[in-house]
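As a plain string of letters, each chain reads:
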Amino acid sequence: MKKGYKIKLVIILMLVITLNLSSGVVKALNLDNTKENFIICIDPGHQEKGDSKGEPIAPGSSQKKPRVSSGTAGVATKKPEYVVNLEASQKLKTLLENKGYKVVMTRETHNVNISNAERAQFANDKNANLVIRIHCDGINDSGKTGASILIPSKTGKHTTAIYEESNVYGNIMKKHLEECGIKVNGVFERGDMTGFNWSKVPVVILEMGFMSNWNEDKMLCDENYQQKLMEVVANSVDEYRIKCNEDKNIE
Ligand SMILES: [Zn+2]
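What comes next is a walk through the structure. Please read these numbers as outputs of a predicted model, since none were measured by experiment. (Residues numbered from 1 in each chain as written. Predicted model: local features only at pLDDT ≥ 70, side-chain atom pairs only at ≥ 80, totals over all residues. Heavy atoms only, no water.)

Focus on the state of the cysteines
Cysteine pairs can be covalently joined through their sulfur atoms, and such a bond is termed a disulfide. Scanning the entire structure with this criterion turns up zero disulfides. Cysteine C136 remains unbridged, with the sulfur of C221 as its closest cysteine sulfur at 7.3 Å. (Disulfide = S-S within 2.5 Å.)

Now the structure itself:
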C-alpha cells in the first residue's frame, strides 16, 4: 500500500471512530434523565393562614385571585387540609429520595406565606422536571368521594407548552391509583389556576379525596392510607421518567 493511501485510511478510520464516539456521547446525554438529575418539586397545598390579597391569575393578567387560601378541613377529624397535605407530602419526599430522585419542597412548615404564583416560580427556578401539588377536596356534598387529578389547560395561553407532559403524568397516576383500587373521578384540565398558569414546567394537582365525606376524611388522615397513596404517586414518577427518556431518544 502506498504511503498516501495509508494516511488517508488512517484519517478515515479516525473520522469513523470520532463520529461513533460523539454519537454515543449525544445518546448518553439524551438518556441522562437519571434519577439524581430528575428534579421533583412537591407543593403541599395551602398554609396555616390564607392570604386573601390578590395576585394575577396568569402573567400579565388583570384578573386576580387570592394569593393562597387556607384550604378545607375534615368533617369528621376537624383536621385542616394544609396539615394533611404536608403529612402526605413529607411521605412522598422520603419515598422519592429513597428511590434516588432530587426533591425540592415549596414548604416544610405551616407558618409560611407563599402564594400560588410564587410556588410555581419556585419550581421554575429549580428547573423541576415535574411538580406534584398535594391537596384534598372539600365540597358542599358529603356523598362525594374519590381522588381527582388536575392538569393545566391544553388551550390555555400560558400552559400549552406544559400540557402534554402534565397530561402524560396525570394519566399514569390515574392508572396506578385505579390499579390500587382507589377511586379516581378523572383527569381534569383547568385554565383558572394561578399555580398552573405561572408554571413553565409540567405540573399536576392530586386532590387525594374529599374531606367533606366522613369516611374519606378519616382515611385521608390515616398514616397508612397516606403512605399507600404516596407510594402510588412515587411509582408513577418512575414510569413518567422512563417515558420522558423514551420520548427524548426518539427525537
Ligand atoms: Zn386544597
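Text resumes after the structure shown.
Some remarks on helix α3 (residues 116–125)
Of all the residues in α3, the buried ones are N116, A117, R119, A120, A123 and N124. The buried side chains of α3 occupy one side of the element, clustering within an arc of 160° when seen end-on. Put simply, S115 is the residue that caps the front of α3, since its side-chain oxygen is 3.4 Å from the backbone nitrogen of A117. Positive phi appears at N127, one or two residues downstream of α3, with a value of about 55°. (Buried < 20%, exposed > 50% of the residue type's maximum accessible area, 1.4 Å probe, protein only. Helix = DSSP H or I, 4+ residues; strand = E, 2+ residues; numbered from the N terminus. Arc of directions from axis to C-beta. Polar contact = N/O pair within 3.5 Å; in protein donor to acceptor, adjacent residues only side chain to side chain.)

Some remarks on the packing of aromatic side chains
Counting across every chain of the model gives three aromatic pairs. Each ring, one from Y169 and one from Y240, has its centre 5.5 Å from the other, and the planes form 75°; the classification is edge-to-face. A residue pair is termed long-range when its members are at least 10 positions apart, and Y169 in helix α4 (residues 160–179) and Y240 in helix α7 (residues 223–250) qualify at 71 residues. With relative accessibility at 0%, the residue Y169 sits in the buried group. For Y240, a relative accessible area of 1% puts it in the buried group. Each residue in the set F38, Y101, Y169 and Y240 is aromatic and connected to the rest through ring pairs, giving one cluster. (Phe/Tyr/Trp six-rings, centres within 6.5 Å; stacked < 30°, edge-to-face > 60°.)

Re the coordination of the zinc ion
Distances from the zinc ion to its protein donors, H46 (NE2), E81 (OE) and H135 (ND1), fall within 2.1 to 2.2 Å. Each donor residue of the zinc ion lies on one chain, and together they are spaced H-x34-E-x53-H. In this pair, H46 is assigned in the loop between β1 (39–44) and β2 (51–56) and E81 in helix α2 (residues 81–99), connecting sequence segments 35 residues apart. Each member of the pair, H46 together with E81, is buried. (Donors = N, O, S within 2.8 Å, 3.2 Å for Na, K, Ca; no water.)

Quick notes on the pairing of β1
Along any regular strand, the residues point their side chains to alternate faces of the sheet. Counting buried positions along β1 yields six of six residues, so the element is predominantly enclosed. Burial along β1 is two-sided: I39, C41 and D43 and I40, I42 and P44, pointing in opposite directions, are all buried. Of the pairings in the sheet, the one linking β1 to strand β4 (residues 102–105) comprises four bridges and is parallel in character. Across the sheet, I42 pairs through a bridge with M105, a residue of β4. Two strands pair when backbone bridges link them, and β1 and strand β5 (residues 130–137) are joined in this way by five bridges, in the parallel orientation. If you follow I40 over to β5, its bridge partner there is L130. (Pairing = 2+ DSSP bridges.)

Details of α4
In this model α4 runs 29 Å from its N-terminal to its C-terminal C-alpha over 20 residues, within 8% of the 28 Å that 1.5 Å per residue would give. Where α4 bends most, at S166, the angle is about 25°. Those residues of α4 lying buried are I162, Y163, S166, N167, Y169, G170, I172, M173, H176 and L177. G181, located one to two residues past α4, shows a positive phi value of around 80°. (Expected span 1.5 Å × (residues − 1). Bend = angle between axes of the 7 residues up to and from the residue.)

Some remarks on the side chain of S199
Of note, S199 is situated in the loop between α5 (194–197) and β8 (203–210). With relative accessibility at 4%, the residue S199 sits in the buried group. Among the polar contacts listed, one links the side chain of S199 to the backbone oxygen of V201, at a separation of 2.7 Å. Those residues in contact with S199 that sit more than four places away from it in its chain are A120, N124, H158 and I162. (Contact = heavy atoms within 4.5 Å.)

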